[in-house]
Amino acid sequence: MYTSTIMIKNIDTAREFVDKMAKFIDTKITLNSGDYSIDGHSIIGIISLDITKPIEVVAQGNVTDELKEILKEYAI
């Protein structure tokens, strides 16, 4: 399991994030914000979150170094 705290600045960033996460279909990626947990592969889920606040990412399963590097791009 790997956790990180990220910021999604706007809709374009959310779309970019989901596109990058699509490469990791064998990894369960969960985004947590407040009382909500959503699938990190879902653009609808991400835009339903309050993106003005930090988002916790939890990756489980096949967590590669490539995935960790991508998440660092969004880390706060």
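I will try to describe carefully the structure that is included in this document.

Rules used in this analysis
Residues numbered from 1 in each chain as written. Predicted model: local features only at pLDDT ≥ 70, side-chain atom pairs only at ≥ 80, totals over all residues. Heavy atoms only, no water. Salt bridge = Lys/Arg side-chain N within 4 Å of Asp/Glu carboxyl O. Helix = DSSP H or I, 4+ residues; strand = E, 2+ residues; numbered from the N terminus. Buried < 20%, exposed > 50% of the residue type's maximum accessible area, 1.4 Å probe, protein only.

## Focus: the pattern of salt bridges
- One pass over the structure, following the stated rule, counts six salt bridges.
- As a salt-bridge pair, Glu73 and Lys20 come within 2.6 Å of each other at their nearest N and O atoms. Pair noted here: Glu73 is in helix H3 (residues 65–74) and Lys20 is in helix H1 (residues 11–21), with a separation of 53 residues, a long-range link.
- Relative accessible area serves as the criterion here: at 24%, Lys20 is assigned to the partly exposed category.
- When the shortest N-O distance is used, the salt bridge between Lys53 and Asp50 registers 3.9 Å.
- In this structure Lys53 comes out as partly exposed when scored by relative accessible area, which is 48%.
- Residue class for Asp50 comes out partly exposed when judged on its relative accessible area of 34%.
- Shared partners join several salt bridges into a network, and the residues in it are Glu16, Lys20 and Glu73.

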